[in-house]
Amino acid sequence: MPGIPDQVTAAAFQYGFNALGQSSQAVGREFEKYVPVSRLKYYFAVDTGYVVKKLRLLTFPFWHSDWSIKYESESQPVQPRYEINAPDLYIPLMAYVTYVVAAGLVLGTQDRFTPEMLGIQASSSLAFILFELAVIFVAMYITSIKSNLKLLDMLSYCGYQFIGAISALMAGLLFKSIGYYVVLTYFSFALGFFLMRSLKWQLQSDSAANQQDPYAASTSGTKRRFNLLILMMVLQTFTMWRLSAHLIAP
């Protein structure tokens, strides 16, 4: 710059870079408060082997025996690529995108496809998942059931139902309504069984634990957990049906 010493210019640039770096760190800290980026990395720590095994587990969970989750430390579970029972968000996210594409394909075969319909399917399916999450957490609060499961864990378990919705849609596309309802019924039981076994020991009842009679506490806590799991299974079946039934030709 004319008339300005090089030392002043360099100092000004250095000050600007430092200020920009501090601002970026501050923004990063604020963003981390609301969006746990470091935690998100855990849910996407998958590989091809894990995806194949997890899809097989979600489709045929009845022969799986070990449902425990291994931990690296007291609070940090093993990454999904090393632990098939760990929740992930990669499969739910990919299934969500695939569901929107599959819905567009089905609508296209019925001459009902428009670009706006893809947006409607994407937003409505996301709204149903968020509604399901809200109902689950309200039910846990009302029944005084607490768990170490985080919001992203629950989002993962709710997101797996897109696998069932996609499978039911494809069956409906090939075999009409009969194939659709057969596959939907199967995945309602399969994913319900998966939820029941995966979450059974991760839910605890504080109110039951505070009772004086240990036997009564155990019975009450078990009944509360069972009722919550049944609610989740019903919600999941309803959501899968709601996401796909209107797309199936009679």
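All figures in this text were calculated on a predicted structure; none of them were measured in a lab.

## So, the packing of helix H4 (residues 90-109) against helix H7 (residues 161-199)
Next, step 1: Where H4 meets H7, the axes come as close as 9 Å, and the angle between the chain directions of the two elements is 20°. Overall, the two elements H4 and H7 adopt an arrangement that is roughly parallel. The chirality of how H4 crosses H7 is left-handed. Facing H4, whose interface residues are Ile 91, Pro 92, Ala 95, Tyr 96, Thr 98, Tyr 99, Ala 102, Ala 103, Leu 105, Val 106 and Thr 109, H7 presents Phe 162, Ile 163, Ala 165, Ile 166, Leu 169, Met 170 and Leu 173.
Next, step 2: In terms of residue class, the contact of H4 with H7 is built from 16 nonpolar, 2 polar and no charged.

## Considering the environment of Ile 120
Next, step 1: By the secondary structure assignment, Ile 120 is in helix H5 (residues 115-142).
Next, step 2: What makes Ile 120 partly exposed here is its relative accessible area of 44%.
Next, step 3: Sequence-wise, Ile 120 and Val 100 are 20 residues apart; in three dimensions their C-alpha atoms are separated by 9.3 Å.

## Remarks on the UniProt feature "transmembrane region" (unreviewed entry) in the chain
Next, step 1: Those places that UniProt annotates as "transmembrane region" (unreviewed entry) correspond, in this numbering, to residues 89-108, 120-142, 154-172, 178-196 and 228-249.
Next, step 2: For residues 89-108, the helix share is 95%, the strand share is 0%, and the end-to-end C-alpha distance is 29 Å.
Next, step 3: Between the end C-alpha atoms of residues 228-249 the distance is 34 Å, and the span holds 77% helix and 0% strand.

Cut-offs and rules
Residues numbered from 1 in each chain as written. Predicted model: local features only at pLDDT ≥ 70, side-chain atom pairs only at ≥ 80, totals over all residues. Heavy atoms only, no water. Axes fitted to C-alpha atoms, helices over the stretch in contact; angles between N-to-C directions. Helix = DSSP H or I, 4+ residues; strand = E, 2+ residues; numbered from the N terminus. Parallel < 35°, antiparallel > 145°, perpendicular 65-115°, else oblique. Left-handed = near helix turned anticlockwise from the far one by under 90°. Contact = heavy atoms within 4.5 Å. Nonpolar A, V, L, I, M, F, W, Y, C, P; charged D, E, K, R; others polar. Buried < 20%, exposed > 50% of the residue type's maximum accessible area, 1.4 Å probe, protein only. UniProt positions renumbered as here; feature names shortened; annotations may be inferred.

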